[in-house]
Amino acid sequence: MHTRFFRSVLLSVLLLLPSAAILAGGISGRVTDDAGKPVIFASVLLLGSSDSALVKTELTNEKGEYHLTPVDDGTYLLKVNIIGYIAYTSAQVVLAANDITMPDIMLLQKNTELKEVAVRAQKPFIEVHADKLVVNVESSIVNAGSTAMDVLSRSPGVTVDNNDRISLKGRQGITVMINGKIQPISGQDLANMLKSMPSNNVESIELISNPSARYDAAGTGGIINIKLKRDKKMGLNGSVNATYAQGVYGKANAGLNMNYRNKKVNLFANYNHSDREGFNHLTLDRNFYDNGVFAGAYDQNNHYLYDIVTDMGGLGMDYNLSSKTTVGFALSGEATSFLRTGYNYSVITDSATQLPLSHFVTDNKSPNRWSNGTANINLRHTFDSSGKTLSVDADYATYPGSGNQEFTTTYFTDFPDGTSVPSGVPAVKLNGDLKGHTQIRSLKADYAMPLPNGVKMEAGAKTSLVTSDHDLLFFNELNGMSIPDSQRTNHFIYKEHINAAYLNFNKDWDKWSTQLGLRTEQTIASGDATWPTGDSSFTRNYAQLFPSFAVQRHINPANDLGVTLSRRIERPNYEQLNPSTYYLDPTTYKTGDPYLMPALSYAAELSYTYKQKFITNLNYTRTFMPITEVIQPSLTERKVTIQTQKNLTSMSYYGINGSYQFRFYKWWSNTTNVNVYYAQYTGNIAGTGLNNGRATFDANTSNSFILPANWSAELSGFYQAPQLYGYMLVKPTWMLNLGIQKNLFDKRATARINATDIFWRGYPRATSTYTDYRESFIAKRDTRQVAISFTYRFGKRTLPPSMRHRGGAEDEKRRAGSQAG
């Protein structure tokens, strides 16, 4: 770790933070119609007079009043929007360390034929559409100066838990997109990317719980689409950032983003380096039975250290062939080294005496290297001003990787006086050599055109080809000799070809909006697994239809109702299919299942939105063959436990979700998400039938405080009640986070200090129960941290970083993940 450098960054940032602050003024007033009656829920925007940049926004209350505070001294414009009225823009307003009360603003009604234009022009904080909910990020004061992950966690119905897993309305299996393109990374890599993305790059967030046919059918939890701002001015802009976090171990990252644009060319590049150290302290209590009779137990204490060093970067260009046609390319790459060292101490309880009579110790060293490279070329053509467009993407991605596993296990005999001696069982040394390579090729085209009577049609097609080749060799070392282990060695080759096409229609009326679509996907897949003791293979060829429907009723400016229906699929990712084994100790390993089947789900949702701030949803999902992580006893090895993925028979989900935004004071706002749901699972694994359900809830609340002199603070908390996940009963977790930030150098720079999981209660604990096996575990991780970060933005103030183009193979890349090798 480059601790000296980051300590210097820490000291520099601390010196930049001033110790005094001065209260700023505010602007207030009232909005009425031509009859003098108050206009409620009108969007009041405070804009900079020189560049029209958004400074603050507010909705008028039931008296038509608005209060914009605190506001720094300066010259501003005031703009008011609401459906059915002509937009109002004020003359220049000068604020000089005092409060200003504006004269009443009178809005004039529009003609009815202009209502649709008005709907599209205004930008309230939350917009309700037939098939999605849109959060306009720049309309929120709270989101200024934060990150994309912060904005996401405050969005209606979105929950980010202690491990940075994202769920939408209580459901995981979320697909995250940027500018309509599925991200090729997942898990912690995705979280790190969102944490490094400034919120001022984000224009809006689309929350799509039941996606339409134009999206890939993959993902049973819905889609979150983050739309970045487009460049509007010429020149060079960018940002540099650095972060250092200290938990038990240190974690650091630094990055650079740059963009240059002129009338013809748009160039963009980025680079990020991270070095993260951490630990996983896993304790296990395992009990084995034979037909209900106690057959022995393991009491295991595992402590693992890891060091992950990653370098990632990208380069791309968009070139305007004409005012209607743009071509471009995008390249990206990543190289990661991952070193894990561990120590396992396992006490063995004898079945006859039920006393601990022996133990074994396992030392583990697993160095790994994986990388990826992606390339995309694209074309976008606009035929005319009516909205007729064509876009084409071609993609290639490669994910090579390699690694080693080195395990040494020594056995001991224990005595009642607490002493122990080496047993007669010889030490076991197991070495594994892993090599893998996944390649993805994809081509897709999308076409959109308007039809008569205000109908918009979208159509498209996509084809992708994936090959994944993993070769795993294991050797046992005895008396200085390496002997191939035929039980663990395997070679797995997977091929997948997906063809898809869709047709989608949208139409908006004065009070109604609808969407209707149909997508078809054909999957042709084969897998070949080779062991020294024999071979196995499978082939699959199936086609599926994925309909979608949405309707929205705009009752009045304060009330909206909506219904959505869809069918989705969750295909196993390539790591879940790979039968290679990763060992914790001689009795525990993780492996994939090449015979996993895709999960199919049907989802329905009824939503109600009040005042664009209070959103309540009733949702139901029925999933067949859900892919579920299980920790089960081995069916072929005695007293061995396997962590893997299995298909259950079904899962039924009933939920009510609420997302509510409050402003207690002018300087204190709150966003609270609550999910109450019941999940029912059926299946049969390891000879254990499952037909069980449990009601539970989770709550996530975030408090934002606008402080004087460009200071702000945030206090957030999360609680997950006990929940059932397949065969696993997960115990409650909770965490409390605190952060403070300061905008510097005329808001070109932001310094932040935050503490996460302050009381260290965000780690998972669970119990799995089978017919002849019961396991309880606690996994403590390095989640309690204090982090300091500094971001500096250079270039033209109104020029956000460019849209990073994502191609057509993003679902395949996401399934490949960062560890595809």
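Residues numbered from 1 in each chain as written. Predicted model: local features only at pLDDT ≥ 70, side-chain atom pairs only at ≥ 80, totals over all residues. Heavy atoms only, no water.

Draft legend 1. Focus on the overall build of the protein. Along its length, the protein carries six helices and 49 strands. For the protein, the proportion of its 821 residues judged to be buried stands at 51%. For the protein, restricting intrachain contacts to residue pairs at least 6 apart in sequence, the fraction spanning at least 24 positions comes to 67%. Total accessible area on the protein stands at roughly 35900 Å², and carbon and sulfur atoms take up 58% of it. (Helix = DSSP H or I, 4+ residues; strand = E, 2+ residues; numbered from the N terminus. Buried < 20%, exposed > 50% of the residue type's maximum accessible area, 1.4 Å probe, protein only. Contact = heavy atoms within 4.5 Å. Areas by Shrake-Rupley, 256 points an atom, 1.4 Å probe, with all protein chains shown as cover.)

Draft legend 2. Layout of the pairing of strand β20 (residues 265–290). Direction of pairing for strand β19 (residues 250–261) relative to β20: antiparallel, over a ladder of eleven bridges. Note on β20: the bridge partner recorded for A252 is D275. Counted between consecutive antiparallel strands, the loop separating β19 from β20 contains three residues. In textbook terms, the turn of a hairpin is the stretch between consecutive antiparallel strands, and for β20 and strand β21 (residues 293–320) this stretch comprises two residues, one of which, N291, has a positive phi near 55°. (Pairing = 2+ DSSP bridges.)

Draft legend 3. Inspection of the packing of aromatic side chains at higher detail. Considering all chains together, one arrives at 36 aromatic pairs under this definition. On the basis of an interplanar angle of 80° and a centroid distance of 5.7 Å, the ring pair of F288 and Y298 is categorised as edge-to-face. Residue F288 is located in strand β20, and its partner Y298 is located in strand β21; the two are separated by ten residues in the primary sequence. For F288, a relative accessible area of 6% translates into the label buried. For the ring pair F474 and Y583, a centre distance of 5.6 Å and an interplane angle of 85° mean the geometry is edge-to-face. In this pair, F474 is assigned in strand β27 (residues 455–478) and Y583 in strand β33 (residues 581–585), connecting sequence segments 109 residues apart. (Phe/Tyr/Trp six-rings, centres within 6.5 Å; stacked < 30°, edge-to-face > 60°.)

Draft legend 4. Here's a closer look at the sheet that holds strand β37 (residues 627–633). Taken in spatial order, the four strands line up as β33-β34-β38-β37 in an open sheet, and their pairing is mixed. In this open sheet, the two edge strands, each paired with only one partner strand, are β33 and β37. Averaged over all neighbouring strand pairs, the angle between strand axes comes to 25°, with direction disregarded. Note that β33 and strand β34 (residues 588–591) share four bridges and pair antiparallel. Opposite Y583, over in β34, you have Y589 as the bridge partner. (Axes fitted to C-alpha atoms, helices over the stretch in contact; angles between N-to-C directions.)

Draft legend 5. Main features of the pattern of salt bridges. What the rule picks out here adds up to 16 salt bridges. A salt bridge links K251 to D782, with the nearest nitrogen and oxygen atoms 2.7 Å apart. Residue K251 is located in strand β19, and its partner D782 is located in the loop between β48 (773–781) and β49 (785–795); the two are separated by 531 residues in the primary sequence. Across this residue pair, the class does not change: K251 and D782 are buried. For R488, the salt bridge goes to D485, with nearest N and O atoms at 2.4 Å. A relative accessible area of 6% means that D485 is categorised as buried. One network of salt bridges, in which partners are shared, links D216, K462, R519, E521 and R571. (Salt bridge = Lys/Arg side-chain N within 4 Å of Asp/Glu carboxyl O.)

Draft legend 6. A look at the nonpolar core. The biggest cluster of nonpolar side chains holds 21 residues, and the ones touching the most others in it are I205, L207, I224 and I226. It is helix α3 (residues 148–153) that provides the largest number of residues to this core, a total of four residues. In terms of nonpolar packing, the next biggest core, distinct from the first, is built from 20 residues, V39, V44, Y66 and V71 among them. (Core = buried A, V, L, I, M, F, W, Y, C linked by side-chain atoms within 4.5 Å.)

Draft legend 7. Layout of the pairing of strand β41 (residues 688–706). In terms of strand pairing, strand β40 (residues 668–685) meets β41 through 18 bridges, oriented antiparallel. In the strand pairing of β41, G683 is matched with L690. Remark: two residues form the turn of the hairpin made by β40 and β41, two consecutive strands paired antiparallel; A686 in that turn has positive phi of roughly 55°. From the end of β41 to the start of strand β42 (residues 711–720), which pair antiparallel, there are four residues, and A709 there has a positive phi angle of about 55°.

Draft legend 8. Molecular detail of the environment of V151. Its place among the elements puts V151 in helix α3. Separated by 14 residues in the primary sequence, V151 and V137 place their C-alpha atoms 7.5 Å from one another.

Draft legend 9. Main features of unusual backbone geometry. Residue M625 is not a glycine yet carries a positive backbone phi of 60°. Within the secondary structure, M625 is located in the loop between β36 (614–624) and β37. Phi at W760 is positive, roughly 50°, even though this residue is not glycine. Relative to the helices and strands, W760 is located in the loop between β46 (749–756) and β47 (765–770).

Draft legend 10. Broad picture of the confidence of the model for the protein. Averaged over all residues, the pLDDT of the protein is 82; the fraction at 70 or higher stands at 84%. Considering only residues more than four positions removed or in separate chains, one finds that residues 1–23, a stretch of pLDDT under 50, has 36 contacts. Every residue in residues 141–145 is under pLDDT 50, and counting partners more than four places away or in other chains gives 18 contacts. (pLDDT = per-residue confidence, 0-100.)

Draft legend 11. Structural view of the side chain of T438. Mapped onto the secondary structure, T438 falls in strand β26 (residues 428–451). In terms of polar contacts, T438 uses its side chain to reach the side chain of S468, at 3.1 Å. (Polar contact = N/O pair within 3.5 Å; in protein donor to acceptor, adjacent residues only side chain to side chain.)

Draft legend 12. Focus on the environment of N619. Tracing the backbone through its elements, the reader meets N619 in strand β36. Sequence spacing of N619 and Y653 is 34 residues, and the spatial spacing of their C-alpha atoms is 7.9 Å.

Draft legend 13. Up close: the side chain of D560. As for its placement among the helices and strands, D560 is situated in strand β32 (residues 559–570). R553 provides the closest opposite charge to the buried, salt-bridge-free D560, at an N-O distance of 8.4 Å. Among the polar contacts listed, one links the side chain of D560 to the side chain of H554, at a separation of 2.6 Å. (Lys, Arg positive; Asp, Glu negative; His and termini not counted.)

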